[in-house]
Amino acid sequence: MQPLKILNNVQKARLIHALFIHEIPAFLEFLEAQCLIIEDNREEIKQEWKQNLLTADMWLELSEETARCLKKFRKGLRDSSSVFSDQLFFGYGAIFMNHQLQQYVENNRHSDPKFKTAVDLFINP
């Protein structure tokens, strides 16, 4: 196994999924709800956007792509570390997904306390 600091987002997501597969269904439900909230609040998000890394339109696009992926790969995302990581954490999607993972654990949605530790270890810089 490679050192943690040289793993890319896809590799880190694959590890999180493999280690905490029991957390993934609840996280995917949370993620789906977040995508719906974002879709329902598009105009408000655009008006209040202050993020410099991405534009509001890019954030909305990443949310839409995530929602499409959730519909298309539902069972695979839940059951396969490869599908989960390859489909959701590739490219700019990793920015959106890392944020959603952080929101999930910060709002204490997780059932396993070690999941928060894993997100902190693998996702947070």
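Check the entry above for the structure.
From a predicted model like this one, the values you see are computed outputs, not experimental measurements.

*Asks:* How should the pattern of salt bridges be read in this particular structure?
*Replies:* Once their charged atoms are close, side chains differing in charge can pair, the charge on each being opposite to the other. Taken as a whole, this structure holds 9 salt bridges when the rule is applied. With its nearest N and O atoms 2.9 Å apart, the salt bridge here joins R74 to E32. Of this pair, R74 sits in helix α5 (residues 74-79) while E32 sits in helix α2 (residues 24-40), and the two are 42 residues apart along the sequence. Overall, the relative accessible area of 32% leaves R74 in the partly exposed class. One salt bridge connects D57 with K46, and the closest N-O pair in it is separated by 3.3 Å. Taken together, the residues D57 in helix α4 (residues 56-72) and K46 in helix α3 (residues 42-48) connect sequence positions 11 residues apart. For D57, a relative accessible area of 47% gives the class partly exposed.

*Asks:* Hey, could you run me through unusual backbone geometry in this one?
*Replies:* For residues that are not glycine, phi is negative in most cases, and the peptide bond is trans in most cases. Although it is not a glycine, N108 sits at a positive phi angle of roughly 55 degrees. Inspection of the secondary structure puts N108 in the loop between α7 (93-106) and α8 (113-122).

*Asks:* Where do I start with the packing of aromatic side chains in this structure?
*Replies:* Working definition: an aromatic ring pair is given by the centre-to-centre distance plus the angle between the planes. Under the definition given, this model contains 9 aromatic pairs. Between F27 and F84 the ring centres are 6.4 Å apart and the planes differ by 70 degrees, which places this aromatic pair in the edge-to-face class. Of this pair, F27 sits in helix α2 while F84 sits in helix α6 (residues 81-88); the two residues are 57 residues apart in sequence, bridging distant segments of the chain. Overall, F27 belongs to the buried group, its relative accessible area being 0%. Since its relative accessible area comes to 1%, F84 is described here as buried. The structure contains a cluster of three or more aromatic residues connected by ring pairs, namely F20, F27, F30, F84, F89, Y104 and F115.

*Asks:* What exactly am I supposed to notice about the packing of α4 against α7 here?
*Replies:* To characterise two packed helices, one gives the angle between the axes of the helices and the distance between these axes. Taken N-terminus to C-terminus, the directions of α4 and α7 make an angle of 80 degrees; their axes are 9 Å apart at the nearest point. In terms of their interaxial angle, α4 and α7 are classed as roughly perpendicular. Note on element contacts: α7 touches α4 through G93, I95, F96, M97, H99 and Q100, opposite W59, L62, S63 and T66.

The rules we used
Residues numbered from 1 in each chain as written. Predicted model: local features only at pLDDT ≥ 70, side-chain atom pairs only at ≥ 80, totals over all residues. Heavy atoms only, no water. Salt bridge = Lys/Arg side-chain N within 4 Å of Asp/Glu carboxyl O. Helix = DSSP H or I, 4+ residues; strand = E, 2+ residues; numbered from the N terminus. Buried < 20%, exposed > 50% of the residue type's maximum accessible area, 1.4 Å probe, protein only. Phe/Tyr/Trp six-rings, centres within 6.5 Å; stacked < 30°, edge-to-face > 60°. Axes fitted to C-alpha atoms, helices over the stretch in contact; angles between N-to-C directions. Parallel < 35°, antiparallel > 145°, perpendicular 65-115°, else oblique. Contact = heavy atoms within 4.5 Å.

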